[in-house]
Each structure stands twice: as structure tokens, then as C-alpha cells.
Number of protein chains: 2
Amino acid sequence: MNALGRHILAEVYGCDSRILDDVEMIEDIMVQAAIATGAEVREVAFHKFNPQGVSGVVVISESHLTIHTWPELGYAAVDVFTCGDHVNPWDGVNYIARMLKAENMTATEVKRGVFEKPVKVANF
Amino acid sequence: MNALGRHILAEVYGCDSRILDDVEMIEDIMVQAAIATGAEVREVAFHKFNPQGVSGVVVISESHLTIHTWPELGYAAVDVFTCGDHVNPWDGVNYIARMLKAENMTATEVKRGVFEKPVKVANF
């Protein structure tokens, strides 16, 4: 491989606002999304904002998943960044969009850690 | 505004490998970077990998900062995602690159949460 990772940036629109404002549901969705990619969960950190909105991250052995929600707009900014060949970040993104009951999503994949020559690294 | 956030994706090369493998230094750099952007720190989660490498996130009121390091390649994948007008994500990215003693960096800014009409949200 000549890229270490695949990073999906997803704009998720038309979501269920009650889900977007429920920190426990969002944390559960993000952890399950990590597992759906085939990743190993290492750390989680979620925060509920006042008056509304949730931010959170799941650190995985293969990089991370993050979410920031705006319930008042039905919108979530979702990132799924994975390294290695045994995981598929799109499985996580699609799971999250489905669980948020999204009407629309635009998502872009960005390669991270691109080297001219194939690289062999310690963790994979 | 018609975008909720600014997300910098930075590929940071030629870093000091000892710093990249020191989870306490990396955590300190990332928290100080958050403060350098003018952000408010909410949660932190860092993890040291065996045999090498560090992953970590700082959740801020204004979104997040993340890092994944490959000491054996002198490389770090850094993200700084901020919302609102009172913070500048580039201040965080530049601080991190300087503290990692990076020789090279390529970075891209992506707008997140783009709406056709200007949006007014609860938190800003």
C-alpha cells in the first residue's frame, strides 16, 4: 500500500433531531459503527452541549470516528478514518447514516499518509 | 455564515520520532493546540500503541482535534475541525507542526455543514 489510511468525511442531512440530541444513543451508534467497520475500540469520549448538540469520538486501533450534531438543523458532521486493509470505513459511515435516519448524505474519501513508495509499518 | 465549520486535514512529515512516540508529550501538544486556536477543551482521550505510535483526540466546544502518529515514518495525520468565528483552526495546525519539529506539511481546508442559506444555530 502507499496510503496509510482512508478518511471519509460525511455530511449527513435530514436526520432525526431527537436522536441527534441524545448523547447516549449517539455514543452507542458510534461504537457500533466502529465495530461494523471491523475495528477495535480503544477509547471513547462524548459530550452533550447545552442547549443542544452532541460531540464525540471513538478512538480505534485503526484511527478514529467522530461526530458533531446540530439537532436544530437535522445535521451531523461525521468522520470515519481507518488504517489497514482489514476494515472498511464506508461500513461505519453507512451504518451511522442509517441509524440517524438521514434523508441525505454527501461523503468524500480522502487518502491519508500517502508515500511515494509502498510503506510497511509496525502496526499492520 | 453558510458553513458551520472549518476542517483542516494536515499531513505532517519529517517529524521528531521520539516526540511522535511519547503519548504524554502528544497529549500536551494537542491540548495546547486547542487552546492556541482559542477553543474550549471538553474531553481528551489518548492511546499509546505497541510497539509504537500514538492516537488521540481533544473534543472542544467548537468540534475536535485528532492525531495519529507513525514514529517509524516520522509522519502524523492531524485534523483540526472548528466551528464558529472566534477560533482559527490554522493556529492549531501550525502549532502542532512546529511542536512536532516537522520538516514538511501539506494541509487542506474543507468546509463542513454547508447550507444554501446562512444558518443561525444554538451554540454560536
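What you see is a predicted model; the values in this text were computed from it and never measured. (Residues numbered from 1 in each chain as written. Chains lettered and ligands numbered in written order. Predicted model: local features only at pLDDT ≥ 70, side-chain atom pairs only at ≥ 80, totals over all residues. Heavy atoms only, no water.)

**Q** Tell me about the packing of aromatic side chains, and name the residues and values.
**A** Tallying each qualifying case throughout the model produces eight aromatic pairs over all chains. Taking the centre distance of 5.5 Å and the plane angle of 85° together, the rings of Y13 of chain A and F115 of chain B count as edge-to-face. Of this pair, Y13 of chain A sits in strand 1 (residues 3–13) while F115 of chain B sits in the segment after strand 6 (104–114), on two different chains. The class for F115 of chain B is buried, based on a relative accessible area of 16%. Their ring planes at 40° and their centres at 5.5 Å tell us that W70 of chain A and Y75 of chain A sit as a pair that is tilted. For the pair shown, W70 of chain A and Y75 of chain A are each scored as buried. Through successive ring pairs, a cluster of aromatic residues spans Y13, W70 and Y75 of chain A together with F115 of chain B. (Phe/Tyr/Trp six-rings, centres within 6.5 Å; stacked < 30°, edge-to-face > 60°. Helix = DSSP H or I, 4+ residues; strand = E, 2+ residues; numbered from the N terminus. Buried < 20%, exposed > 50% of the residue type's maximum accessible area, 1.4 Å probe, protein only.)

**Q** Describe the relation of the copies chain B and chain A, listing the residues and the values that go with them.
**A** Note on the copies: chain B fits chain A at an RMSD of 0.0 Å, the axial shift is 0.0 Å, and the rotation between them is 180°. Overall, the copies show the geometry of a two-fold rotation axis. The position closest to the rotation axis in chain B is occupied by the C-alpha of A45 of chain B, lying 3.3 Å away. Of the interface residues in chain B, 100% have counterparts in chain A that sit at the interface too, so the contact is made through matching surfaces. (Least-squares fit on C-alpha atoms with pLDDT ≥ 70 in both. Contact = heavy atoms within 4.5 Å.)

**Q** Give me the sheet that holds strand 1 of chain A: which residues, what numbers.
**A** Residue and element names in this part refer to chain A. Strand order in the open sheet formed by six strands is 2-3-4-5-1-6, with antiparallel pairing between adjacent strands. Only two strands of the sheet have a single neighbouring strand rather than two, namely strand 2 (41–48) and strand 6 (104–114). Direction aside, the axes of adjacent strands within the sheet are offset by 10° on average. Sheet topology note: the strand 4 (residues 63–70)/strand 5 (residues 75–83) ladder contains eight bridges and is antiparallel. By the bridge assignment, T69 is partnered in strand 5 with A76. Lying over the sheet, helix 2 (residues 23–37) contacts strand 2, strand 3 (54–60), strand 4 and strand 5, oriented at roughly 155° with respect to strand 2. Helix 3 (residues 89–99) contacts strand 1, strand 4, strand 5 and strand 6 of the sheet and is inclined by roughly 15° relative to strand 1. (Pairing = 2+ DSSP bridges. Axes fitted to C-alpha atoms, helices over the stretch in contact; angles between N-to-C directions.)

**Q** Can you break down the sheet that holds strand 4 (residues 63–70) of chain B residue by residue, with the values?
**A** Residue and element names in this part refer to chain B. Spatial strand order, 2-3-4-5-1-6: six strands in an open sheet with antiparallel pairing. Two strands lie at the open edges of the sheet, namely strand 2 (41–48) and strand 6, each paired on one side alone. Strand-to-strand twist across the sheet, computed as the mean angle between neighbouring axes with direction ignored, equals 10°. Taken together, the seven bridges between strand 2 and strand 3 (residues 54–60) define a ladder with antiparallel strand orientation.

**Q** Pulling in residues and values, what's your account of the pattern of salt bridges?
**A** The full count for this structure, using the stated rule, is 14 salt bridges over all chains. For the salt bridge of R42 of chain A with E40 of chain A, the shortest nitrogen-to-oxygen distance reads 3.5 Å. Residue class for R42 of chain A comes out partly exposed when judged on its relative accessible area of 35%. A salt bridge links D79 of chain B to R112 of chain A; the shortest N-O distance between them is 2.9 Å. Of this pair, D79 of chain B sits in strand 5 (residues 75–83) while R112 of chain A is found in strand 6, placing the two residues in two different chains. When salt bridges with common partners are traced through the structure, they connect R6, E109 and K111 of chain A into a single cluster. (Salt bridge = Lys/Arg side-chain N within 4 Å of Asp/Glu carboxyl O.)

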